[in-house]
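# Residue-level structure breakdown
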Amino acid sequence: MKIQYLGHSCFRLISDMGTTVVCDPYNTDMVGLQKPAVRCDAVTVSHRHNDHDCMDNIINNPAVLDCEVTCCADDIAISTLPTYHDGEKGAKRGGNLVFVFCIDGLKAVHMGDIGCLDDELARKICGCDVLLLPVGGVYTIDAQEAKWYVDRINPKIVIPMHYGTDRHKFKLDGIDKFLSLFDKRQIQVIQNDSLTLQDVPQNLHPQIYVLQTFTD
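As a starting point, this report considers the structure included with it.

### Some details on the sheet that holds strand 13 (residues 194-196)
On the basis of which strands lie adjacent, the open sheet formed by six strands has the order 5-4-3-2-1-13 and mixed pairing. Unpaired on one side and paired on the other, strand 5 (63-65) and strand 13 mark the two borders of the sheet. Direction aside, neighbouring strands of the sheet carry axes that sit 20 degrees apart on average. Inspection of the sheet shows strand 3 (residues 20-23) paired to strand 4 (residues 42-44) by three bridges, in the parallel sense. Directly across from Val21, in strand 4, lies its bridge partner Ala42.

### Points about the environment of Ile58
The residue Ile58 is located in the loop between strand 4 and strand 5 in this model. Each C-alpha atom, one on Ile58 and one on Ile157, is 28 Å from the other, the two residues being 99 residues apart in sequence. For Ile58, the residues in contact, after removing those within four places along its chain, are Val22, Val38, Cys40 and Val43.

### Focus: the pattern of salt bridges
Tallied over the full model, the rule gives six salt bridges. A salt bridge links Arg123 to Glu120; its shortest N-O distance comes to 2.5 Å. Separated by three residues within a single helix, Arg123 and Glu120 lie in helix 2 (residues 119-124), roughly one turn from each other. Put simply, Asp183 and Arg185 hold a salt bridge, and the shortest N to O gap is 2.9 Å. We classify Arg185 as exposed; its relative accessible area is 70%. Several salt bridges share partner residues, and in doing so they unite Arg48, Asp53 and Asp66 into one network.

### Observations regarding the nonpolar core
Grouped together as the largest cluster of nonpolar side chains are 58 residues, with contacts concentrated most on Met111, Leu133, Tyr149, Ile159 and Phe178. In contact with Tyr149, not counting residues within four places along its chain, are Met111, Ile114, Cys116, Leu117, Asp118, Leu121, Ala122, Leu133, Ile141 and Asn154. By size, the runner-up hydrophobic cluster in this structure holds 14 residues, among which are Val38, Cys40, Val45 and Phe170.

### Some details on the pairing of strand 2 (residues 10-14)
Moving residue by residue along a regular strand, the side chains alternate between the two faces of the sheet. In terms of burial, strand 2 is largely enclosed, as five of its five residues are buried. Going residue by residue along strand 2, you find Cys10, Arg12 and Ile14 tucked away on one face and Phe11 and Leu13 tucked away on the opposite face as well. In this sheet, strand 2 lies alongside strand 1 (residues 2-7) in antiparallel orientation, the contact comprising five bridges. Looking across to strand 2, one finds that Tyr5 is bridged to Phe11. The antiparallel pairing of strand 1 with strand 2 creates a hairpin that spans two residues between the two strands, and His8 there sits at a positive phi of about 60 degrees.

Criteria and thresholds
Residues numbered from 1 in each chain as written. Predicted model: local features only at pLDDT ≥ 70, side-chain atom pairs only at ≥ 80, totals over all residues. Heavy atoms only, no water. Pairing = 2+ DSSP bridges. Helix = DSSP H or I, 4+ residues; strand = E, 2+ residues; numbered from the N terminus. Axes fitted to C-alpha atoms, helices over the stretch in contact; angles between N-to-C directions. Contact = heavy atoms within 4.5 Å. Salt bridge = Lys/Arg side-chain N within 4 Å of Asp/Glu carboxyl O. Buried < 20%, exposed > 50% of the residue type's maximum accessible area, 1.4 Å probe, protein only. Core = buried A, V, L, I, M, F, W, Y, C linked by side-chain atoms within 4.5 Å.

Here it is in structure tokens:
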């Protein structure tokens, strides 16, 4: 499985067979990052906000999954868990879908714009191999709440997303608040946009991988 970070909350997940899923594509003008043109077999949408559901630069005609599903995109199994975009059961910002992917024997979870602490959700995805997790607060869980999920889920790998950068057009906390909550030995800053996993990671404690945003 290859995981490529396209910026904000957008990732491209690629199986060994080449099946490709793009998660939460964003609008370039709204976010301030330049989303690349990509091909894929399916797009997953955690919720209908334009920094998570923009099909600009998706250059073929993939299936769009924006509701509760249990399905397959060729060799990638996809399922959803309904959650909330805020801590008031959706009263402020509506619902949010957490997407669970089984790819090449690995389990990856994209948390979308989760905005609440949910013990039942944490139990259902406990022990996943890869957790794609918002950490920037304001519109989602913040750094401390993200750490709450890491402690309960105990994933092998955490990849932070939805945090502020100097290119964002709206205010989010930066990644440093989240990273400061972990031992430095748990943090790996990758100097490119991708992480490739061939087997289930063997680390006992969660490792935080910071990926660079893809640029053309």
